[in-house]
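Below, each chain spelled out in residue letters.
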Amino acid sequence: MEIGILQQRRIEAAFAKGVYEEMAAELGEDRARAILTRAVVKLAKQAAGAMAAEAPAGPSLDHFESIQERWTRDDALRIEPVARDATRFEFNVTRCRYAETYREMGLAELGAVLSCNRDGAFCEGYDPRLKLTRTQTLMGGAGHCDFRYRMEAAPDA
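Remember, predicted model here, so these are calculated numbers, not experimental data.

Caption draft 1: Quick peek at the sheet that holds strand S2 (residues 88-96). Sheet architecture is open: 4 strands sit in the order S1-S2-S4-S3, paired in antiparallel fashion. Because the sheet does not close on itself, it has two edges, and the strands there are strand S1 (77-84) and strand S3 (130-133). Put simply, the sheet's adjacent strands are angled 25 degrees from each other on average, direction ignored. Examined bridge by bridge, S3 and strand S4 (residues 145-151) share 4 bridges and lie antiparallel to one another. Across the sheet, Thr133 pairs through a bridge with Arg148, a residue of S4. In the packing of helix H5 (residues 97-104) onto the sheet, the strands contacted are S1 and S2, and the crossing angle to S2 comes to about 35 degrees. Across the face of the sheet, helix H7 (residues 118-126) comes into contact with S3 and S4 while running at roughly 170 degrees to S3.

Caption draft 2: Looking closely at the pattern of salt bridges. One pass over the full model with this rule turns up 16 salt bridges. Where Arg129 meets Asp127, a salt bridge forms, and the shortest distance between an N and an O atom there is 2.7 Å. What makes Arg129 partly exposed here is its relative accessible area of 25%. Residues joined in a network through salt bridges with shared partners are Asp75, Arg78, Arg95 and Glu100.

Conventions used here
Residues numbered from 1 in each chain as written. Predicted model: local features only at pLDDT ≥ 70, side-chain atom pairs only at ≥ 80, totals over all residues. Heavy atoms only, no water. Pairing = 2+ DSSP bridges. Helix = DSSP H or I, 4+ residues; strand = E, 2+ residues; numbered from the N terminus. Axes fitted to C-alpha atoms, helices over the stretch in contact; angles between N-to-C directions. Contact = heavy atoms within 4.5 Å. Salt bridge = Lys/Arg side-chain N within 4 Å of Asp/Glu carboxyl O. Buried < 20%, exposed > 50% of the residue type's maximum accessible area, 1.4 Å probe, protein only.

Dropping the structure here:
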């Protein structure tokens, strides 16, 4: 059985914490954070490409919605649907165990790097037409995360 993404992130964060601390001691916190950010974004794009390749008819909003269970498994996210149509998939996250986990691990200051900044990068790697607008996050102290995904039309050939 495949582990959920929450458990995967907990394992990754434990490793990242040690690497980050060593980089920060050697290079300073700003450089260490920048390096960690680039690495996380790169990994998010790679994972997204692999998941897009699983889509029987190619990447689509329907397939993207169908794989969301990977992120919500183990009650990792509590979601309130907002809108769904042919081009929009919108919801609010009212509980984020990813944020809770990072705080428990003493990584609150890196939570956005380790988790939130993956979301837009994931869209780029999944399908460049998939766009995310998010103005607030629980990780950043807001009352909810506002995920607003939009699938743009394919460019004219």
